[in-house]
Amino acid sequence: MKLPKILESKAKIRFQDCDPFNHLNNAAYINYMINAREDQIEKFYNLDIFELAKTKGISWVVGSNQIAYIRPALLMEEVLIDSQLIKYSENQLHVEIRMWNHDKTELKATMWSTFVHFNLLQQKRWNHNDMLIELFQNILNPISEKTFEERILQLKMQRV
């Protein structure tokens, strides 16, 4: 079975996550996007990172985030969040996550996240095992842009 390379899910923007202008708070974008990615990899790849942490003592920690806010997400709006693995190494994953309006005609935000594979028992960076590397080879969906700024420009130009 061929695994999808771009994963999608929906979310509704909630009151407690909004600012006084009924826009999604800047910090809350990260939560919505990371939560969506966690749910997507469990649903589409059967990869439960919390179960891995509990049973094997390994997981991923966020190493860095870069985010561009393009259009506001509004209170009670249903958004579509998609994500893809754009690069990986022996102990890191680089993921792009995008938030759109419900029909993907308006890009709300784009984020690049770097996740570091981590051994919770030994408290140090950990290399991916062969099973994970095989999964990453099958789902890798690289992009041509080399910098975050180039990517944001490209995404904006695609939607003009």
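Since the model is a prediction, treat every value here as computed from it, not as a measurement.

Participant: Which residues make up the overall build of the protein chain, and what values go with them?
Facilitator: Secondary structure summary: the protein chain contains 4 helices and 6 strands in total. For 160 residues, the compact-globule estimate of 2.2 N^0.38 gives 15 Å, and the C-alpha radius of gyration of the protein chain, at 16 Å, lies within 12% of that figure. When the backbone C-alpha atoms are referred to their principal axes, the protein chain occupies close to 45 × 35 × 30 Å. Residues counted as buried form 44% of the 160 residues belonging to the protein chain. A sequence separation of at least 24 residues applies to 69% of the contacts in the protein chain between residues at least 6 apart. Here the protein chain displays about 9,300 Å² of accessible surface, and carbon together with sulfur accounts for 51% of that area. Side-chain charges of the protein chain comprise 20 positive and 20 negative groups, with the mean position of each set lying 2 Å from the other.

Participant: Lay out the pairing of strand S5 (residues 107-119) with the relevant residues and their values.
Facilitator: In terms of burial, S5 is largely enclosed, as 13 of its 13 residues are buried. Relative to S5, strand S2 (residues 58-69) is paired through 11 bridges, and the arrangement is antiparallel. Looking across to S5, one finds that Ser 64 is bridged to Thr 114. The pairing of S5 with strand S6 (residues 124-125) spans 2 bridges and is classified as antiparallel. Within the sheet, the bridge partner assigned to Phe 118 lies in S6 and is Arg 125. From the end of S5 to the start of S6, which pair antiparallel, there are 4 residues, and Gln 123 there has a positive phi angle of about 55°.

Participant: Report on the side chain of Gln 84, specifying residues and quantitative values.
Facilitator: Note that Gln 84 resides in strand S3 (residues 78-88). Engagement of the side chain of Gln 84 in a polar contact is seen with the side chain of Arg 98, the distance being 2.9 Å. With sequence-adjacent residues up to four places away left out, Gln 84 is seen in contact with Lys 5, Ile 6, Arg 37, His 94, Val 95, Glu 96, Arg 98, Asn 141 and Ile 143.

Participant: Go over the pattern of salt bridges, please, and point to the residues and values.
Facilitator: Two side chains that carry opposite charge are able to pair once their charged atoms sit near each other. Evaluation of the coordinates by the stated rule reveals 11 salt bridges. One salt bridge connects Glu 77 with Lys 108, and the closest N-O pair in it is separated by 2.9 Å. Remark: Lys 108 occurs in strand S5 and Glu 77 occurs in the loop between S2 and S3; sequence separation between them is 31 residues. Lys 108 matches Glu 77 in its accessibility class, with the two residues each being buried. Glu 106 is the partner of Lys 108 in a salt bridge, and the nearest nitrogen-oxygen pair spans 2.8 Å.

Participant: An account of the nonpolar core is needed here, citing residue identities and associated values.
Facilitator: Leu 24, Tyr 32, Leu 47, Trp 60, Ile 81, Met 99 and Phe 136 are the most contacted members of the largest nonpolar core, which has 34 residues in total. At the level of elements, strand S1 (7-12), helix H1 (26-45), helix H2 (49-56), S2, S3, strand S4 (92-101), S5 and helix H3 (130-139) are the ones that each hand at least two residues to this core. Sorting elements by how many residues they give to this core places H1 first, with 8 residues. Contact partners of Met 99, with chain neighbours within four places excluded, come to Leu 24, Tyr 29, Tyr 32, Met 33, Ala 73, Val 79, Leu 80, Ile 81, Glu 106, Leu 107, Lys 108 and Ala 109. Residues Ala 68, Ile 86, Trp 112 and Phe 148 belong to the second largest nonpolar core, which totals 6 residues.

Participant: Go over the side chain of Ser 83 with me, naming the residues and quoting the values.
Facilitator: Tracing the backbone through its elements, the reader meets Ser 83 in strand S3. Of note is the side chain of Ser 83, whose polar atom sits 2.8 Å from the side chain of Arg 37. For Ser 83, the side chain forms a polar contact with the side chain of Gln 40, separated by 2.5 Å. When neighbours within four sequence positions are excluded, Ser 83 is seen to be in contact with Lys 5, Ile 6, Leu 7, Arg 37, Gln 40, Val 95, Glu 96, Ile 97 and Arg 98.

Participant: Account for H3, naming residues and giving values.
Facilitator: Residues three or four positions apart in an α-helix share a direction because the helix packs 3.6 residues into each turn. Along H3, the residues that are buried comprise Leu 132, Ile 133, Leu 135, Phe 136 and Ile 139. Projection of H3 onto a plane perpendicular to its axis shows the buried side chains occupying an angular sector of 160°, all on one side. Exposed positions of H3 whose direction lies more than 90 degrees from the buried face are Asp 130 and Met 131. Contacts from the buried residues of H3 go to H1, S2, S3, S4 and S5. Regarding H3, its N-cap is Asn 129, as a side-chain oxygen of that residue lies 3.1 Å from the backbone nitrogen of Met 131 further along.

Rules used in this analysis
Residues numbered from 1 in each chain as written. Predicted model: local features only at pLDDT ≥ 70, side-chain atom pairs only at ≥ 80, totals over all residues. Heavy atoms only, no water. Helix = DSSP H or I, 4+ residues; strand = E, 2+ residues; numbered from the N terminus. Rg over C-alpha atoms; globule rule 2.2 N^0.38 Å. Buried < 20%, exposed > 50% of the residue type's maximum accessible area, 1.4 Å probe, protein only. Contact = heavy atoms within 4.5 Å. Areas by Shrake-Rupley, 256 points an atom, 1.4 Å probe, with all protein chains shown as cover. Lys, Arg positive; Asp, Glu negative; His and termini not counted. Charge placed at Lys NZ, Arg CZ, Asp CG, Glu CD. Pairing = 2+ DSSP bridges. Polar contact = N/O pair within 3.5 Å; in protein donor to acceptor, adjacent residues only side chain to side chain. Salt bridge = Lys/Arg side-chain N within 4 Å of Asp/Glu carboxyl O. Core = buried A, V, L, I, M, F, W, Y, C linked by side-chain atoms within 4.5 Å. Arc of directions from axis to C-beta.

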